[in-house]
Amino acid sequence: MTNFFEFEADFVDSLRCIPMQVRCKLDTCGIKLKLSDWNQMTTAERQALVELPCTTETEIHFYHDHIQQLIVQRTGIPATKLPIEPHPAWLDSATVPASLQEKAQEIGVTLTQQHWAALTPLQRFALIKLSQPGHENKNFKRAIAEFHLL
């Protein structure tokens with residue numbers, strides 16, 4: 001899976017920022033990766049993290065161990081571990097998270113359950129991440145538009 005979102009277009013050629021598909025894999029395997037650690041990796045290492053699968057239990061464990069090794073090699077310090085959600089909201093196509101609904105309403109958008117169910121898990125992940133405090137609001141609006149939710 002190496003499809004990038006349009007709202008990521010300004011950085012995916014260089015991979016200077018962590019793309020959503022890698023962020024999703026990090027949440028899946030329980031790793032918090034700082035942008036400064038990401039930028040210490042080579043372009044080839046970053047590209048490998050984009051391309052490596054992280055779906056099955058075996059893949060998730062391999063991804064976790066691989067990224068931990070990379071971070072230790074580059075920084076000398078292991079990456080921070082995150083708790084792994086047993087039932088992540090982006091995999092639940094039946095329920096629009098209330099916090100996401102509130103963020104969408106701030107820009108005049110109502111997300112219906114039908115809209116939510118029609119999105120891919122990665123699109124749902126992106127909307128959840130972009131709706132959290134600390135993310136640029138322009139990318140949230142851009143994602144809403146890209147996913148045809150306006």
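Here the structure is shown first, and the text comes after it.
The structure displayed is predicted, hence computed values, not measured ones. (Residues numbered from 1 in each chain as written. Predicted model: local features only at pLDDT ≥ 70, side-chain atom pairs only at ≥ 80, totals over all residues. Heavy atoms only, no water.)

Colleague: Which parts of the structure should I look at to understand the overall build of the protein chain?
Modeller: In terms of helices and strands, the protein chain carries eight helices and two strands. In the protein chain, the succession of α and β elements from N to C terminus is α-β-α-α-α-β-α-α-α-α. For a compact globule of 150 residues, the expected C-alpha radius of gyration is about 15 Å, and the protein chain comes in at 16 Å, within 12% of that figure. Along the longest, intermediate and shortest principal axes, the C-alpha atoms of the protein chain span 45 × 30 × 25 Å. In the protein chain, which comprises 150 residues, the proportion classed as buried is 45%. Look at the contacts in the protein chain between residues 6 or more apart in sequence, and 59% of them connect residues 24 or more apart. When the accessible surface of the protein chain is totalled, it reaches about 8,300 Å², and 54% of it is carbon and sulfur. (Helix = DSSP H or I, 4+ residues; strand = E, 2+ residues; numbered from the N terminus. Rg over C-alpha atoms; globule rule 2.2 N^0.38 Å. Buried < 20%, exposed > 50% of the residue type's maximum accessible area, 1.4 Å probe, protein only. Contact = heavy atoms within 4.5 Å. Areas by Shrake-Rupley, 256 points an atom, 1.4 Å probe, with all protein chains shown as cover.)

Colleague: Looking at this model, I keep getting lost on the state of the cysteines. Mind explaining?
Modeller: Note on terminology: a disulfide is the covalent bond linking the sulfur atoms of two cysteines. Summed over all chains, the structure comprises zero disulfides. The closest cysteine sulfur to the non-disulfide-bonded Cys29 is located on Cys54, 5.0 Å from its own sulfur. Classification of Cys29 as buried rests on a relative accessible area of 3%. Relative accessible area serves as the criterion here: at 9%, Cys54 is assigned to the buried category. (Disulfide = S-S within 2.5 Å.)

Colleague: Any chance you could explain helix H5 (residues 98–106) here in plain terms?
Modeller: Each full turn of the α-helix corresponds to 3.6 residues, which orients residues three or four apart in the same direction. If you check which residues of H5 are buried, you get Leu100, Gln101, Lys103 and Ala104. Each buried residue of H5 sits inside an arc of 165° when the element is viewed along its axis, so together they form one side. Those residues of H5 that are exposed and aimed more than 90 degrees away from the buried face are Ala98, Glu102 and Glu106. (Arc of directions from axis to C-beta.)

Colleague: What exactly am I supposed to notice about unusual backbone geometry here?
Modeller: Leaving glycine aside, a negative phi is the common case for residues, and trans is the common case for peptide bonds. For Leu15, which is not a glycine, the phi torsion comes out positive at approximately 55°. Examined against the element boundaries, Leu15 turns out to sit in the segment before helix H1 (20–29). Phi is positive for His148, which is not a glycine, with a value near 60°. Here His148 is to be found in the segment after helix H8 (137–146). According to the relative accessible area criterion, His148 is exposed, its value standing at 69%.

Colleague: Looking at this model, I keep getting lost on the pattern of salt bridges. Mind explaining?
Modeller: Side chains carrying opposite charge are able to pair once their charged atoms draw close together. One pass over the full model with this rule turns up three salt bridges. The salt bridge partner of Asp27 is Lys129, with a shortest N-O separation of 2.8 Å. Residue Asp27 is located in helix H1, and its partner Lys129 is located in helix H7 (residues 121–130); the two are separated by 102 residues in the primary sequence. Summarising the burial analysis for this pair, Asp27 and Lys129 share the class buried. (Salt bridge = Lys/Arg side-chain N within 4 Å of Asp/Glu carboxyl O.)

Colleague: Where do I start with the packing of aromatic side chains in this structure?
Modeller: One pair of aromatic rings is described through two measures. These are the centre distance and the angle between the planes. Under the criterion given, the structure shown has four aromatic pairs. Between Phe5 and Phe7, the aromatic rings sit 5.2 Å apart at their centres with planes inclined by 10°, giving stacked as the arrangement. A ring pair is formed by Phe7 and Phe147, whose centres lie 6.4 Å apart and whose planes are at 70°; its orientation type is edge-to-face. With Phe7 in the segment before H1 and Phe147 in the segment after H8, this pair connects stretches of sequence that are 140 residues apart. We classify Phe7 as buried; its relative accessible area is 3%. Overall, Phe147 belongs to the buried group, its relative accessible area being 7%. (Phe/Tyr/Trp six-rings, centres within 6.5 Å; stacked < 30°, edge-to-face > 60°.)

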